[in-house]
Amino acid sequence: MALLTAIHPGYEPRMQALAQTTYLGENTEPVCHAVAGYLSARLGIPVTYDQALSWEERARRIDSGAIALSWICGLLYVRKVDQLSTPLAPLVAPVMAGDDYTGEATYSSKIVVHRDSPYQTFDDLRGTRLAINEPGSYSGSVVLRAHLASLGESGAFFPEVVISGAHAQSLRWVADGQATAAAIDCTVYNYLMPRHPQLSRALRVIAVLGPNPAPPWVVSADMPPTLRGQIKQLLLAMAAGTAGQEMLAAGNVRRFRAVTDQDYDPIRKKARQATSVLWQF
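Here the residue index of a chain counts from 1 through its sequence in written order. This being a predicted model, a pLDDT of at least 70 is required before a residue's local features are given, and a value of 80 or more before pairs of side-chain atoms are given or counted; all residues contribute to the totals for chains, interfaces and linings. With hydrogens and water set aside, each side-chain value is computed from the structure's full complement of heavy atoms.

**Some points on the nonpolar core**
Among buried residues, the Ala, Val, Leu, Ile, Met, Phe, Trp, Tyr and Cys ones that are joined through side-chain atoms within 4.5 Å form a nonpolar core. Burial status follows relative accessibility: with a 1.4 Å probe on protein chains alone, a residue under 20% of its type maximum counts as buried, one over 50% as exposed, and anything between as partly exposed. With 76 residues, the main nonpolar core has L39 and I231 as its most contacted residues. Any two residues whose heavy atoms approach within 4.5 Å are treated as being in contact. Setting aside chain neighbours within four positions, we find L39 in contact with G44, I45, V47, L69, I231, L234 and L235. With 17 residues, the next largest nonpolar core counts A131, L171, M193 and L203 among its residues.

Written out as structure tokens, the structure is:
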């Protein structure tokens, strides 16, 4: 425990570990496992990642501060700090590997249809059946509602909206004809397609909405500044070595970039836009 005491003079011996989690899709899990091991080795204390926790339990522990470090949706972050006054502070966001990201800590939503469908543009989807992963998802629902608002449209553009429960399930529903289209987080899409070639062959992207600020890694704002700063610097330095690069590559991450609360103002703006468009379930 000597190393932790040195970087965090206020450390109390009763703290034996730091808990970490993700509140995003399965594509984030390999990186979370890697980060837990990486931080454990460098902080000198265990950093635990338990992916078996239910989503409800993860949310409860993030809110209470029992989970000290988490990777969450940008919309969830701004809602927690703005509406619920949850004491969270953003540290870093990922710069993903691939042409979709142009070297920035951003991501987009891909509008996906069946490869054999007649739809070529977003406007062609008027009157069709939309699959969303969940109503509160930024990439799968809110960004679509904001886009419709910017076009002067209402939720009636998609007269039938069905909830799949996950981006991967939305993709399967579009592939097998249970839905006409879906908005998919591009990081999930780019992670899943090489791993599921049959699904990839059944789908086609007709539009892209974005870019938007990438989901942040956040810590409890109650965490002592010295420890918070140490974690931030370790994450920023992760891609400097070959071992760290390999860990990040498991989730298609190139590196981390420092972020602040103001970086998520574009999400706040689109969330306000989206309030004028409602889905009918």
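Let us keep going from here.
**Brief notes about the sheet that holds strand β7 (residues 160–163)**
Paired strands, as defined in this entry, are two strands with at least two bridges between them according to DSSP. In DSSP terms, a helix is any run of H or I states spanning at least four residues, a strand is any run of E spanning at least two, and both are numbered starting from the N terminus. The strand order β7-β6-β8-β5-β9 describes an open sheet built from five strands, whose pairing is mixed. Where the open sheet ends on each side, the last strands, each with one partner, are β7 and β9 (203–213). Between one strand axis and the next, the sheet turns by 25° as a mean value, whatever way the strands run. Here strand β6 (residues 129–132) pairs with strand β8 (residues 181–185) via two bridges, running parallel. If you follow L130 over to β8, its bridge partner there is A181. To obtain an axis, a line is fitted to C-alpha atoms, over the contacting stretch when the element is a helix, and the angle between two such axes runs from 0 to 180 degrees between their N-to-C directions. The strands touched by helix α6 (residues 167–175) within the sheet are β5 (106–114), β6, β7, β8 and β9, with β8 carrying the most contacts at an inclination of about 150°.

**Focus: the side chain of T86**
Its place among the elements puts T86 in the loop between α4 (74–82) and β4 (88–96). We classify T86 as buried; its relative accessible area is 9%. Excluding residues within four positions of it along the chain, T86 makes contact with D63, K80 and V81.

**Quick notes on the packing of aromatic side chains**
Whether two aromatic rings pair depends on their centres lying within 6.5 Å, for rings of Phe, Tyr and Trp, where Trp uses its six-membered ring; planes under 30 degrees apart make the pair stacked, over 60 edge-to-face, and the rest tilted. Across all of its chains, the model carries eight aromatic pairs by this definition. The interplanar angle of 20° and the centroid separation of 5.1 Å between the aromatic rings of W71 and W217 together place this pair among those described as stacked. Taken together, the residues W71 in strand β3 (residues 69–71) and W217 in strand β10 (residues 217–220) connect sequence positions 146 residues apart. W217 matches W71 in its accessibility class, with the two residues each being buried. The interplanar angle of 15° and the centroid separation of 5.3 Å between the aromatic rings of F122 and F157 together place this pair among those described as stacked. Taken together, the residues F122 in the loop between β5 and β6 and F157 in the loop between α5 (138–150) and β7 connect sequence positions 35 residues apart. With respect to burial, F122 and F157 carry one shared label: buried.

**Some thoughts on the packing of α4 against helix α11 (residues 265–274)**
The interhelical angle for the contact between α4 and α11, taken along N-to-C directions, is 85°, at an axis separation of 9 Å. Relative to α11, α4 is oriented roughly perpendicular. Within the contact between the two elements, α4 uses G74, L75, Y77, V78, V81 and D82 and α11 uses I267, R268 and A271. Between 65 and 115 degrees an angle is taken as roughly perpendicular, under 35 as roughly parallel, over 145 as roughly antiparallel, and anywhere else as oblique.

**Overview of the environment of A271**
On the secondary structure map, A271 appears in helix α11. For the pair A271 and D63, spaced 208 residues apart in sequence, the C-alpha to C-alpha distance is 21 Å. In this structure, A271 is in contact with L75 and V142, ignoring residues within four places of it in sequence.

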